[in-house]
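# What the coordinates show
If you want the building blocks of each chain, they are given just below.
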Amino acid sequence: MNLEERQRQKVQLDWRWRKLNRVPVMSKEFDWLEWETLTDDLAEWYCEGPVMQELSVRIRKKRQNKREAINGNL
């Protein structure tokens, strides 16, 4: 996904979030299904970002090194 598409998607998610927050959470009209869907979409958007991808690679590399160190000591 290119930067322009990510920015467009973020604007759309922000708009949906503002629209959802116009209704009080404790109100009977609050759409909990939309809230769950939106939080999942936001989490997915953040995980697809370049920073999170780099973090994921670093975490996997650190875990692999740790496993190799433990296996070498056995």
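Look above for the structure.
Residues numbered from 1 in each chain as written. Predicted model: local features only at pLDDT ≥ 70, side-chain atom pairs only at ≥ 80, totals over all residues. Heavy atoms only, no water.

### Concerning the overall build of the chain
- For the chain, the count of helices and strands is 3 helices and 0 strands.
- Here the C-alpha atoms of the chain give a radius of gyration of 19 Å, more than 25% beyond the 11 Å that 2.2 N^0.38 yields for 74 residues.
- If you line up the chain on its principal axes, its C-alpha atoms span 60 × 30 × 15 Å.
- Across the 74 residues in the chain, those meeting the buried criterion constitute 15%.
- Of the contacts made within the chain by residues no fewer than 6 positions apart, 47% connect residues no fewer than 24 positions apart.
- Taking the average location of the 15 positive side-chain charges in the chain and that of its 13 negative ones, the two points are 7 Å from each other. (Helix = DSSP H or I, 4+ residues; strand = E, 2+ residues; numbered from the N terminus. Rg over C-alpha atoms; globule rule 2.2 N^0.38 Å. Buried < 20%, exposed > 50% of the residue type's maximum accessible area, 1.4 Å probe, protein only. Contact = heavy atoms within 4.5 Å. Lys, Arg positive; Asp, Glu negative; His and termini not counted. Charge placed at Lys NZ, Arg CZ, Asp CG, Glu CD.)

### Description of the environment of Val 57
- Examined against the element boundaries, Val 57 turns out to sit in helix H3 (residues 50-73).
- Val 57 gets classed as partly exposed once you look at its relative accessible area, which sits at 47%.

### Examining the environment of Thr 39
- By secondary structure assignment, the location of Thr 39 is in helix H2 (residues 32-47).
- The exposure class assigned to Thr 39 is partly exposed, which follows from its relative accessible area of 26%.
- Sequence separation between Thr 39 and Ile 59 is 20 residues, and the spatial gap between their C-alpha atoms is 24 Å.

### Focus on the packing of aromatic side chains
- With the rule as written, the count across this model stands at 3 aromatic pairs.
- Between Phe 30 and Trp 32, the ring centres sit 4.7 Å apart and the planes meet at 70°, which makes this aromatic pair edge-to-face.
- Residues Trp 45 and Tyr 46 carry aromatic rings whose centres are separated by 5.0 Å and whose planes lie at 80° to one another, so their mutual orientation is edge-to-face.
- Among the residues examined, Trp 45 registers a relative accessible area of 11% and is labelled buried.
- What links up through ring pairs into an aromatic cluster is the set Phe 30, Trp 32 and Trp 35.
- Across from the ring centre of Trp 45, 4.1 Å away, lies the NZ or CZ of Arg 6, which sits over that ring. (Phe/Tyr/Trp six-rings, centres within 6.5 Å; stacked < 30°, edge-to-face > 60°. Lys NZ or Arg CZ within 6 Å of the ring centre and 35° of its normal.)

### Things to note about a negative patch on the surface
- On the surface, Glu 36, Asp 40, Glu 44 and Glu 48 cluster together into a negatively charged patch.
- Tracing the backbone shows Asp 40 in helix H2. (Patch = residues over 30% accessible without salt bridge, like charges linked within 9 Å, V, L, I, M, F, W, Y side chains within 5 Å. Areas by Shrake-Rupley, 256 points an atom, 1.4 Å probe, with all protein chains shown as cover. Salt bridge = Lys/Arg side-chain N within 4 Å of Asp/Glu carboxyl O.)

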